[in-house]
Amino acid sequence: MPTFDVSVVGELNLDLILSGLPPTIELDREHLAKDLTITLGSSSAIFAHNLALLGNRVGFSSAIGSDRLGEICLERLGESGVDLSRVRRFAGKLTGLTVILPQQTKRYILTYPGTMFEMKFEDLDLEYVFSAKHFHLSSYFLQRALRPRIAELFREAKRAGLTTSLDTNDDPDDAWGEDLLQFLQYVDVLLPNEQEACRMARKNNPDEAAEFLSAKVPLVVIKRGAKGVVARRGGKAFHAMPQKAEAVDSVGAGDSFDAGFLHKFVRGAGIEECLAYGNLTGALSVTRAGGTEAFRDASHRQHFLANRA
Ligand SMILES: Nc1ncnc2c1ncn2[C@@H]1O[C@H](COP(=O)(O)OP(=O)(O)O)[C@@H](O)[C@H]1O
Ligand SMILES: [Mg+2]
């Protein structure tokens with residue numbers, strides 16, 4: 001029996017969300033926000049947190065600095081039940097931080113990477129990483145020190161008998177290097193959003209991107225925000241409509257979708273059921289500011305999931 005349902009390798013930091021700012025932000029002026037949310041951020045941590053609260057045993061390999069922000073991250077993530085025994089503290093380093101400024105339906109995202117750029121392959125306890133049924137990595141481009149060996153990590157995960165998934169998220173450099181396409185052979189489920197799918201496949205529309213990517217991975221799932229999701233397995237396409245939700249903020253929707261989808265996937269569910277549950281948990285996520293707030297509120301979470309299942 002593996003120790004974990006899902007093993008996650010990735011970054012851990014807080015998000016600071018200043019909502020209700022004026023529509024135009026000018027230099028040298030003081031702008032007042034109507035609301036402030038300080039919450040668990042980072043794709044990997046949001047994914048792990050929400051997956052644990054859906055009822056999974058989750059192992060988390062990551063790094064924080066030797067600062068107070070890192071401690072707050074650990075407290076928050078720990079509340080979900082994620083195993084934190086392999087989160088390293090790098091002495092004298094700063095934990096990363098993201099400042100989010102929502103503007104109507106879009107948002108400014110400003111990140112100081114801190115320790116997310118520092119964790120290396122050698123920092124991982126591989127026996128721990130692979131003692132799971134499934135391996136997931138998100139924010140490929142933010143794992144700067146790990147990136148040269150991420151292909152190896154996926155290859156070894158497959159060799160150890162795990163199924164694997166990848167959500168690259170955005171490339172801040174917008175370069176979408178070829179190294180990514182080369183290791184897709186070790187990825188079972190690829191989970192980009194529409195824009196990311198087009199960028200990594202170098203195609204102009206999501207259908208062409210899905211066709212290109214599905215030649216490289218067994219299952220491609222492309223997230224389309226409030227439009228739901230499309231997936232492709234071999235030559236077969238699947239569409240799943242979104243769940244209705246009163247959307248407050250879409251931070252972490254993609255990671256929450258991944259959590260719901262993989263919750264079903266690791267239990268051997270069919271693709272339609274995985275997609276429907278991903279849409280449900282993605283929709284839950286947008287009902288509160290930040291990526292984990294809707295999941296942390298147990299009665300809200302249970303009510304939302306039960307009433308729409
Ligand atoms: N306004 C919304 N209403 C309902 N579901 C949503 C909404 N926005 C996002 N979702 C759900 O969350 C998923 C991921 O959102 P998306 O914004 O595409 O991902 P990412 O956060 O990675 O960019 C969508 O596929 C959908 O299931
Ligand atoms: Mg995403």
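Residues numbered from 1 in each chain as written. Chains lettered and ligands numbered in written order. Predicted model: local features only at pLDDT ≥ 70, side-chain atom pairs only at ≥ 80, totals over all residues. Heavy atoms only, no water.

Enquirer: Tell me about the pattern of salt bridges, and name the residues and values.
Expert: Considering all chains together, one arrives at 25 salt bridges under this definition. For glutamate 122, the salt bridge is made with arginine 149, and the minimal N-O distance between the two is 3.0 Å. Taken together, the residues glutamate 122 in the loop between strand 7 (106–112) and helix 3 (126–129) and arginine 149 in the loop between strand 8 (132–138) and helix 4 (150–159) connect sequence positions 27 residues apart. The exposure class of glutamate 122 is exposed, given its relative accessible area of 53%. The exposure class of arginine 149 is partly exposed, given its relative accessible area of 29%. Its salt-bridge partner being aspartate 179, residue arginine 147 comes within 2.9 Å of it at the nearest N-O pair. Of the two residues, arginine 147 is situated in the loop between strand 8 and helix 4 and aspartate 179 in helix 5 (residues 178–183); the sequence distance between them amounts to 32 residues. (Salt bridge = Lys/Arg side-chain N within 4 Å of Asp/Glu carboxyl O. Helix = DSSP H or I, 4+ residues; strand = E, 2+ residues; numbered from the N terminus. Buried < 20%, exposed > 50% of the residue type's maximum accessible area, 1.4 Å probe, protein only.)

Enquirer: Please give an account of the site of ligand 1 that cites residues and values.
Expert: In the neighbourhood of ligand 1, 15 residues make up the surrounding shell, with Asn193, Gly225, Gly228, Gly254 and Asn279 lying closest. One nitrogen or oxygen atom from the side chain of asparagine 193 is found 2.9 Å from an oxygen atom belonging to ligand 1. Surface burial for ligand 1 is 86%, taken as the share of its 550 Å² of free accessible area covered by protein chains. Looking at the shell around ligand 1, the elements that each hand over two or more residues are helix 8 (253–265) and helix 9 (271–285). Within the shell around ligand 1, the residues separate by chemical class into six nonpolar, seven polar and two charged. (Near = heavy atom within 4 Å. Polar contact = N/O pair within 3.5 Å; in protein donor to acceptor, adjacent residues only side chain to side chain. Areas by Shrake-Rupley, 256 points an atom, 1.4 Å probe, with all protein chains shown as cover. Nonpolar A, V, L, I, M, F, W, Y, C, P; charged D, E, K, R; others polar.)

Enquirer: Which residues make up the nonpolar core, and what are the values?
Expert: Note that soluble globular proteins tend to have their nonpolar side chains buried in a common cluster. Ranked by size, the top nonpolar core spans 43 residues in total, and within it Leu12, Phe60, Leu77, Val221, Phe261 and Leu275 carry the most contacts. Residue contributions to this core peak at seven residues, all from helix 9. Setting aside anything within four residues of it in sequence, one finds leucine 275 in contact with Val221, Val229, Ala231, Phe238, Ala240, Phe257 and Phe261. By size, the runner-up hydrophobic cluster in this structure holds 40 residues, among which are Phe141, Cys198, Ala210 and Val217. (Core = buried A, V, L, I, M, F, W, Y, C linked by side-chain atoms within 4.5 Å. Contact = heavy atoms within 4.5 Å.)

Enquirer: How would you explain the sheet that holds strand 8 if you had to name every residue and give the values?
Expert: With respect to topology, nine strands assemble into an open sheet ordered 5-4-1-8-9-10-11-12-13, the strand pairing being mixed. Two strands in the sheet have a free side with no partner beyond their single neighbour: strand 5 (83–90) and strand 13 (236–240). Examined bridge by bridge, strand 8 and strand 9 (residues 163–167) share five bridges and lie parallel to one another. Following the sheet pairing, leucine 137 is matched in strand 9 by leucine 166. (Pairing = 2+ DSSP bridges.)

Enquirer: So what's going on with unusual backbone geometry? Residues and values would help.
Expert: Its identity as a non-glycine residue notwithstanding, tryptophan 176 has a phi of 50°, on the positive side. By secondary structure assignment, the location of tryptophan 176 is in the loop between strand 9 and helix 5. Non-glycine residue arginine 202 carries a positive phi angle of around 60°. Mapped onto the elements of the fold, arginine 202 is located in the loop between helix 6 (194–201) and helix 7 (206–214).

Enquirer: A description of the packing of aromatic side chains should follow, citing residues and the corresponding values.
Expert: Counting across every chain of the model gives eight aromatic pairs. Ring geometry for tyrosine 140 against phenylalanine 141: centres 5.1 Å apart, planes inclined by 85°, an arrangement best described as edge-to-face. When its relative accessible area of 1% is taken as the criterion, tyrosine 140 is described as buried. Phenylalanine 141 gets classed as buried once you look at its relative accessible area, which sits at 4%. Between the aromatic rings of phenylalanine 141 and tryptophan 176, the centroid separation amounts to 4.9 Å while the plane-to-plane angle is 75°, which identifies the pairing as edge-to-face. Within this pair, whereas phenylalanine 141 is found in the loop between strand 8 and helix 4, its partner tryptophan 176 is found in the loop between strand 9 and helix 5, the two being separated by 35 residues in sequence. (Phe/Tyr/Trp six-rings, centres within 6.5 Å; stacked < 30°, edge-to-face > 60°.)

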